[in-house]
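Here is what each chain is made of, one letter per residue.
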Amino acid sequence: MWHAFGAHLALQRGFRVTRACAMAAVCTTFGLAAMIVAPLARSQTPQAPPRATSPGLSASAVAATEGEQPTQRASAPLESPAWIEAEAPASGKAFVYPPRDPSEAARPVTVMLHGMCGHPQSACAPFVDVSTTRGWLVCPRGEDPCGGGTRWRLRGPDDAQLVEASVRATAREHTGQVDASASRVLVGFSLGGIAAVQIAQGSSGVYEGLVVVASQVHPDAGLLEKAGVKRVVLAAGDLDMTSAPLQEDARRLAAQGLPTRFVSLGHFGHGYPSDMEARMREPMEWVAGGG
């Protein structure tokens with residue numbers, strides 16, 4: 001009898017692993033498609049002039065998505081967005097957008113983590129205006145190659161180390177203009193959302209706000225509150241398989257006392273709809289402590 005019971009448990013475990021792998025594969029497929037479709041949906045918007053290919057990115061990778069061009073903004077920033085090298089011991093790069101308006105005071109940081117096989121610029125594009133109104137937008141590039149882009153390792157300390165090294169490098173390059181000690185907002189899309197939750201839950205007083213877009217995650221309210229996270233935004237398109245689980249996560253976190261909002265991205269699948277920037281502006285302001 002015990003042998004039969006053990007075999008039954010093994011079959012159940014195998015089924016759960018297979019189902020998880022299948023969901024990851026489908027999300028990845030939709031995510032890669034979104035990297036192509038979403039930029040096409042925005043193709044009617046005027047784009048910035050082509051930039052030279054930066055070291056470490058092939059011409060084919062840069063050409064893979066319109067989002068590889070820096071997003072245009074309503075008013076000219078103090079400086080142009082640019083790549084920076086992460087500080088040692090981390091090895092990587094980040095694409096950094098400066099505050100939109102000049103200021104004598106040091107400004108806080110928003111960090112955005114791209115999806116699987118993604119690129120920092122395309123992932124950050126809808127968050128540039130709202131984040132640079134508040135301060136700096138730091139968009140690290142995952143360390144491991146993946147297709148034409150990169151991916152996160154999903155080992156909390158490794159990914160957190162790269163993020164911290166990118167923020168330190170930004171402060172180093174812009175002395176006196178970056179408030180690296182101020183509470184930050186951490187945003188993650190798809191695979192980057194999983195990395196963002198791991199980083200936020202493993203931090204201590206670093207992130208005040210957490211935003212997860214189109215990602216299969218189940219944040220822990222206790223760990224987030226212990227880490228100092230005060231507000232959470234979860235978002236997904238209505239046709240995305242992550243929508244229902246994220247709505248349930250939002251209800252659960254709110255019931256446990258952590259202010260959490262779910263944002264519908266409309267009749268859309270896995271990726272960014274054409275009006276992503278407009279849909280996320282107010283939630284981004286709220287999660288940063290405004291509104």
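It should be noted that the structure appears before, not after, this text.
The text that follows walks through the structure, step by step, so that each part is easy to find. Nothing here was measured: the structure is a model prediction, and the numbers come from that model.

Secondary structure summary: the protein contains nine helices and 10 strands in total. Put simply, the protein has 291 residues, and 48% of those count as buried. Surface summary for the protein: the accessible area is close to 13000 Å², and the carbon and sulfur share equals 59%.

It is worth spelling out helix H8 (residues 243-255) at this point. For H8, spanning 13 residues, the distance from its first C-alpha to its last is 18 Å, which sits close to the expected 18 Å at 1.5 Å a residue. Contacts made by the buried residues of H8 are with helix H7 (221-227), strand S9 (231-236) and strand S10 (260-264). Following H8 by one or two positions, Gly 257 has its phi on the positive side, about 95°.

Attention now goes to the nonpolar core. Within the largest apolar cluster, 37 residues are counted, with the highest numbers of intra-cluster contacts made by Val 109, Val 111, Leu 113, Leu 186, Leu 210, Leu 224 and Val 232. Residues Ala 123, Val 130, Leu 137 and Met 284 belong to the second largest nonpolar core, which totals 28 residues.

Assignment of secondary structure puts Ala 94 in strand S2 (residues 93-97). The exposure class of Ala 94 is buried, given its relative accessible area of 0%. Distance from Ala 94 to Leu 162, taken between C-alpha atoms, is 9.2 Å for residues 68 residues apart in sequence. Every residue in contact with Ala 94, bar those within four places of it in the chain, is listed here: Ala 82, Trp 83, Ile 84, Val 138, Cys 139, Pro 140, Arg 141 and Ser 166.

Moving on, we come to helix H9 (residues 276-287). The end-to-end C-alpha distance of H9 is 16 Å, a good match for the 16 Å that 12 residues give at a rise of 1.5 Å each. Residues of H9 that are buried in the fold lie against strand S3 (109-113), helix H4 (128-134), strand S7 (184-189), strand S8 (207-213), S9 and S10. Backbone geometry just after H9 places Gly 289 at a positive phi near 110°.

This part takes up the pairing of S9. Along S9, five of the six residues are buried, which leaves the element largely enclosed by surrounding structure. With five bridges joining them, S8 and S9 adopt parallel strand pairing. Note on S9: the bridge partner recorded for Val 211 is Val 233. Where S9 meets S10, five bridges bridge the pair, whose relative direction is parallel. Looking across to S10, one finds that Ala 235 is bridged to Val 263. The handedness of the S9 to S10 crossover, carried by H8, is right-handed.

A complete count under the given rule lists two disulfides for this structure. Paired through a disulfide, Cys 117 and Cys 146 show a sulfur-sulfur distance of 1.8 Å. Residue Cys 117 is found in the loop between S3 and helix H3 (120-124), and its partner Cys 146 is found in strand S5 (residues 144-146); the two are separated by 29 residues along the sequence. Between the sulfur atoms of Cys 124 and its disulfide mate Cys 139 the distance is 2.0 Å. Judged by the sign of its S-S torsion, about -125°, the bond between Cys 124 and Cys 139 is left-handed. In this pair, Cys 124 is assigned in helix H3 and Cys 139 in strand S4 (residues 136-140), connecting sequence segments 15 residues apart.

This part covers the sheet that holds S2. Spatially, S1-S2-S4-S3-S7-S8-S9-S10 is the arrangement adopted by the eight strands of the open sheet, whose pairing is mixed. The open sheet has two edge strands with one neighbour each: strand S1 (82-85) and S10. Taking the axes of each pair of neighbouring strands and ignoring which way they run, one obtains an average angle of 20° across the sheet. Both S2 and S4 contribute to a ladder of four bridges, which runs antiparallel. When the sheet's bridge partners are listed, Ala 94 is paired in S4 with Pro 140. Relative to S1, helix H5 (residues 156-173) is tilted by about 110°, and along the sheet it contacts S1, S2, S3, S4, S7 and S8.

How each quantity is defined
Residues numbered from 1 in each chain as written. Predicted model: local features only at pLDDT ≥ 70, side-chain atom pairs only at ≥ 80, totals over all residues. Heavy atoms only, no water. Helix = DSSP H or I, 4+ residues; strand = E, 2+ residues; numbered from the N terminus. Buried < 20%, exposed > 50% of the residue type's maximum accessible area, 1.4 Å probe, protein only. Areas by Shrake-Rupley, 256 points an atom, 1.4 Å probe, with all protein chains shown as cover. Expected span 1.5 Å × (residues − 1). Contact = heavy atoms within 4.5 Å. Core = buried A, V, L, I, M, F, W, Y, C linked by side-chain atoms within 4.5 Å. Pairing = 2+ DSSP bridges. Right-handed = clockwise from strand over helix to strand, strands pointing away. Disulfide = S-S within 2.5 Å. Axes fitted to C-alpha atoms, helices over the stretch in contact; angles between N-to-C directions.

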